[in-house]
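# Notes for the structure review
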Amino acid sequence: MSLIMAHQSDTNQPKGFGKKDDLALQSFTKSLRSKARREGQGYPIATVAYYGPNEELATKVAVGIVEKNQEVADLKRWITESSEIRIDEAVNREVLAFIKRKRAKQVIMTDGIMGCPHEEGIDYPEGEVCPQCPYWAEHERTIQPV
């Protein structure tokens, strides 16, 4: 598993949010960003990655806990059907509580949405394109460090 140090940027906010949604997202991402800024603090490391049907809507967040041996010791996923998970207050609280409970010393995040929320080999056959997320068949799934 390769890890990229990145911080959620304010410029990558989902489009069409209202003021209340903006504040909820800013509060959550501010908390995670402050944890992510503590680069070099050691293990365990929490990795936070967002997934969605396109580059604007995140419907899944996966948080992995990586130990010193660089093995994923724990992985937890939260999924919504069609709402923006980055502003779901209940999910955000659970994500932060999970990271705290696992005593992560640093957080590594992606800047943006990594790809389809469905899992190859589980939700659709290996080597095929997800039939529920045609957007990702035509777009590169690269995440740039901020």
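A brief structural summary. Because the structure is predicted, anything quoted here is derived from the model rather than measured.

Another aspect to go through is helix α2 (residues 89-101). Its 13 residues give α2 an end-to-end C-alpha distance of 18 Å, which sits within 8% of 18 Å, the value for a rise of 1.5 Å per residue. Buried within α2 are the following residues: Val 91, Asn 92, Val 95, Phe 98 and Ile 99. Taken around the axis of α2, the buried residues stretch over an arc of 125°, which confines them to a single face. Within α2, the exposed residues directed more than 90 degrees away from the buried face are Arg 93, Lys 100 and Arg 101. Structurally, the start of α2 carries an N-cap: the backbone nitrogen of Ala 90 is 3.1 Å from a side-chain oxygen of Asp 88.

With that out of the way, let us pick up the sheet that holds strand β4 (residues 106-113). Taken together, 4 strands build an open sheet; the order of strands is β3-β2-β1-β4 and the sheet is mixed. Taken across any chain shown, the strands that pair with only one partner, and hence form the sheet edges, are β3 (72-79) and β4. Here the average twist between neighbouring strands, direction ignored, is 15°. Of the strand pairs in this sheet, strand β1 (residues 45-51) and strand β2 (residues 60-66) are connected by 7 bridges, and their pairing is antiparallel. Residue pairing in the sheet places Ala 46 in a bridge with Ile 65 of β2.

Evaluation of the coordinates by the stated rule reveals 5 salt bridges. A salt bridge links Arg 77 to Glu 119; the shortest N-O distance between them is 2.9 Å. One end of the pair, Arg 77, is in strand β3; the other, Glu 119, is in the segment after β4, with 42 residues separating them in the sequence. A salt bridge links Arg 86 to Glu 84, with the nearest nitrogen and oxygen atoms 2.6 Å apart. The pair formed by Arg 86 and Glu 84 is uniform in burial state, with each residue classed as buried. In this structure, a network of salt bridges that share partners links the residues Lys 60, Arg 77 and Glu 119.

Rules of the game
- Residues numbered from 1 in each chain as written.
- Predicted model: local features only at pLDDT ≥ 70, side-chain atom pairs only at ≥ 80, totals over all residues.
- Heavy atoms only, no water.
- Helix = DSSP H or I, 4+ residues; strand = E, 2+ residues; numbered from the N terminus.
- Expected span 1.5 Å × (residues − 1).
- Buried < 20%, exposed > 50% of the residue type's maximum accessible area, 1.4 Å probe, protein only.
- Arc of directions from axis to C-beta.
- Polar contact = N/O pair within 3.5 Å; in protein donor to acceptor, adjacent residues only side chain to side chain.
- Pairing = 2+ DSSP bridges.
- Axes fitted to C-alpha atoms, helices over the stretch in contact; angles between N-to-C directions.
- Salt bridge = Lys/Arg side-chain N within 4 Å of Asp/Glu carboxyl O.

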